[in-house]
Structure formats: structure tokens, C-alpha cells
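Below, each chain spelled out in residue letters.
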Amino acid sequence: ILLKHKLESIKKGKKIALVNFGMDFFGKKDLTEHLRQKGYYIVSTVYNPWADHNIMTLSAFGWAALFRYIDIAITERFHDSVFALRNNKAVIAVDWAENRFAADGSSKTSCILESYGLSDLHLICRSDKDMEKLYRMIDGIDNHFDKNKIKFVNREIAFDYEDKMKKIKADI
């Protein structure tokens, strides 16, 4: 409850960015600073020494609830991407480690963004040049992220799931 009140009070004055990367990601410090310069308050559920607030002791329900308060998620994590989209929040998914790709070169984060028609918000980031592209993506997020489109896709997913469940129940 304390976290909820803190995030609600921050939300009144600043945008909130969730930045979640493992410690080995080379661009975490610079990314965090770029977002801060853009006026974001930075939270992380994975330890980030440059974040304004590290939230690493959330229950599963608390973690899921966090996404309603953020404005953007910049993450390497599939579940962050899913929950941001389900909460109609902007997401930029960044793959950078070789072990995060399937044999065909895809990743879970690229696939979820593709299913929403947001492939342009996925980035393979392995160099400073790639980081510059990430900064441009962040700076132009309002031009790339259509909340109405995401609401529509979320509704379609819900309707599809409902139809499938009706068929399963009919077979029982």
C-alpha cells in the first residue's frame, strides 16, 4: 500500500519508466540517465543502482499491479512486455544477450510485440550505436505507440480466449 501511494504521488508530477535489465547489460546506466533527463522517474524490479526506486520485494500480485502506474517499460523481460501491453502501456523490448534467441533468431519479446503489430518497438542492442537507436525510440514513443490499437488487440485476445473456453466447455 505504501508503494501504491508513493507511485500515485509521483505520477502527479512525473512520468514513470520501468527499466528492467540484468546487471550484465552494458547500457543500463546510460539508459537510466537518458530517461531521467527526459523527466522520467525510474523504477526497477531488478536491482538497478541508478534507478530512483528499486522494488524487488513485491509479491506476484504487487508486481502485476505495478504496471498500471508506469508510462513506459524498457525491458529485456517477456513478462514485463506482456503486462505492460495488457495494461495499455508503452513498451520497448530490448534483446542483447546471445542466449535469449531461438535457433531461428526470434525471441519471446520480439514475438509478443509482433503479435501486437509493434515489431518496430523491439531492438537488438549490442553497441553504442544501438543505444542511440534506443534513445530515438524512447524519444519518439508517442509516435509509435497507439493506445487505441493496443486496446483493440487486447479486446481481440480476450474475445478469442472466451470463444476457445466456450468450445472447451461444450466438449466437457
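Please read these numbers as outputs of a predicted model, since none were measured by experiment. (Residues numbered from 1 in each chain as written. Predicted model: local features only at pLDDT ≥ 70, side-chain atom pairs only at ≥ 80, totals over all residues. Heavy atoms only, no water.)

Trainee: Talk me through the sheet that holds strand β2 (residues 40-44); I want residue IDs and the actual numbers.
Mentor: By way of backbone hydrogen bonds, the strands of a sheet pair with one another, either parallel or antiparallel. Pairing within the open sheet is parallel, and its six strands lie in the order β3-β2-β1-β4-β5-β6. Two strands lie at the open edges of the sheet, namely β3 (53-54) and β6 (122-124), each paired on one side alone. Here four bridges tie strand β1 (residues 15-20) to strand β4 (residues 72-75), and the two strands are oriented parallel to one another. Among the inter-strand pairings, V19 is bridged to a residue of β4, identified as I74. Across the face of the sheet, helix α4 (residues 78-86) comes into contact with β1, β4 and β5 (90-95) while running at roughly 165° to β5. Its contacts with the sheet place helix α6 (residues 128-139) against β4, β5 and β6, and it is angled at close to 165° to β6. (Pairing = 2+ DSSP bridges. Helix = DSSP H or I, 4+ residues; strand = E, 2+ residues; numbered from the N terminus. Contact = heavy atoms within 4.5 Å. Axes fitted to C-alpha atoms, helices over the stretch in contact; angles between N-to-C directions.)

Trainee: So what's going on with the pairing of β1? Residues and values would help.
Mentor: Where a strand is regular, its side chains alternate between the two sheet faces. Of all six residues that make up β1, five are buried, and the element is covered over most of its length. In this region the chain leaves β1, passes through helix α2 (residues 28-37) and returns to the parallel neighbour β2; the handedness of that crossover is right-handed. (Buried < 20%, exposed > 50% of the residue type's maximum accessible area, 1.4 Å probe, protein only. Right-handed = clockwise from strand over helix to strand, strands pointing away.)

Trainee: Before we move on, could you go through the pattern of salt bridges and cite the residues and values that matter?
Mentor: Pairing between side chains of opposite charge can happen when the charged atoms of each approach one another. Counted by the stated rule, this structure contains eight salt bridges. Among the salt bridges present, the one from D139 reaches K38, with a minimum N-O distance of 3.7 Å. One end of the pair, D139, is in helix α6; the other, K38, is in the loop between α2 and β2, and 101 residues separate them in sequence. The closest approach of N and O atoms between D95 and R100, which form a salt bridge, is 3.8 Å. A cluster of three or more residues bridged by salt bridges with shared partners is formed by E33, R36 and D52. (Salt bridge = Lys/Arg side-chain N within 4 Å of Asp/Glu carboxyl O.)

Trainee: Which residues make up the side chain of N20, and what values go with them?
Mentor: Within the secondary structure layout, N20 lies in strand β1. Aside from chain neighbours lying at most four places away, what touches N20 is S44, T45, V46, I74, T75, E76, R77 and D80.

Trainee: Tell me about α4, and please be specific about residues and values.
Mentor: Taken together, the buried positions of α4 are D80, S81, V82, A84 and L85. In this structure, the buried side of α4 is in contact with β1, α3 (60-66), β4, β5, α5 (108-115) and α8 (147-171). Once α4 finishes, N88 follows within two positions and takes phi at roughly 60°, a positive value.

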